[in-house]
Amino acid sequence: MEIPCNKGYYILLIKVNKNIKMKVGSLGLTRFKEGYYIYIGSAHGPGGLRARIRRHLKKIKNPYWHIDYLLMDKDVFIEAIWYFLAKESPFDLESLISKNLNNLLDFIKGFGCSDKPSDLSHLYYCGLELYICINILNRIFKKYNLTPHIFHATDLNTS
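Heads up: these notes are all about the structure in this document. As the structure is a prediction and not an experimental result, all values here were calculated from the model. Here the residue numbering is sequential within each chain, running from 1 through the sequence in written order. With pLDDT at 70 or above as the cut-off, local features in this predicted model cover only qualifying residues; side-chain atom pairs require 80 or more to be listed or tallied, and sums for whole chains, interfaces and linings still use all residues. Only hydrogens and water are set aside when side-chain values are computed; all heavy atoms of the structure are taken into account.

### A word on the packing of aromatic side chains
Using the following cut-off: Two aromatic rings from Phe, Tyr or Trp, using only the six-membered ring of Trp, form a pair when their centres are within 6.5 Å; if the ring planes differ by under 30 degrees the pair is stacked, by over 60 it is edge-to-face, and anything between is tilted. Put simply, DSSP marks the helices as runs of H or I at least four residues long and the strands as runs of E at least two long, and each gets a number from the N terminus on. Residue exposure (1.4 Å probe, protein chains only): buried if accessible area is under 20% of the type maximum, exposed if over 50%, otherwise partly exposed.
The final tally for this structure, using the stated rule, is eleven aromatic pairs. Relative to Phe141, the ring of Trp82 has its centre 6.4 Å away and its plane inclined at 55°; by these criteria the two rings are tilted. Placement of Trp82 in strand β5 (residues 76-85) and of Phe141 in helix α4 (residues 130-143) is noted, with a sequence separation of 59 residues between them. Ring plane angle 15° and centroid distance 6.2 Å describe the contact between Tyr83 and Phe151, whose orientation is recorded as stacked. With Tyr83 in strand β5 and Phe151 in strand β8 (residues 149-152), this residue pair connects regions lying 68 residues apart in the sequence. Grouping residues by exposure puts Tyr83 and Phe151 together as buried. Through a chain of ring-to-ring contacts, three or more aromatic side chains come together here, namely Tyr10, Phe32, Tyr37, Tyr39, Phe111 and Tyr125.

Okay, structure coming up:
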């Protein structure tokens with residue numbers, strides 16, 4: 001996987017294979033419906049995008065972020081990853097994309113956005129159809145003239 005070590009933003013397309021109920025850090029008991037989810041994150045720490053995305057791909061880890069709890073479940077998988085280098089956009093893409101999704105999709109309030117109090121969530125539920133997630137993201141990318149780098153599930157590994 002050739003994801004760079006640069007700072008940036010990323011979107012995980014996540015598949016939840018069955019209804020799940022679990023404790024998610026400070027959010028407490030949380031229900032996840034079967035289907036597809038969009039998660040928006042940022043990577044501005046050491047190792048940048050590569051380190052953060054590799055962490056997300058590992059099933060076994062000490063949970064730190066809300067998303068860690070969900071991704072550790074045996075019935076949850078990352079299907080695709082879009083990412084943007086921070087230097088390629090003048091926007092805070094994490095908040096910009098999240099705000100665009102607020103009125104379009106259901107979300108889990110407070111999930112993944114404790115560092116951004118003005119954001120309602122960073123995890124959005126698309127339903128059972130993959131194309132809904134893809135179409136919504138493509139409309140947002142077009143609206144803001146964004147060109148993401150993308151990895152599909154078949155390209156993903158932790159090497």
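So much for the structure itself; the text now carries on.
### Remarks on helix α1 (residues 48-57)
The line we're drawing: The arc under discussion is defined with respect to the helix axis, by the directions toward the C-beta atoms.
Taken together, the buried positions of α1 are Gly48, Leu49, Arg52, Ile53, His56 and Leu57. Taken end-on, α1 shows its buried residues confined to a sector of 150°, consistent with a single buried face.

### Some details on the state of the cysteines
So the rule is basically this: When the sulfur atoms of two cysteines come within 2.5 Å, that pair is taken as a disulfide.
Per the stated rule, a full pass over the model turns up one disulfide. Each sulfur in the disulfide pair Cys126 and Cys133 lies 2.1 Å from the other. Between Cys126 and Cys133, the S-S torsion sits near 120°, and that sign places the bridge as right-handed. The buried category is assigned to Cys133, whose relative accessible area is 0%. The thiol sulfur of Cys113 is not disulfide-bonded, and the nearest other cysteine sulfur, from Cys126, lies at 17 Å.

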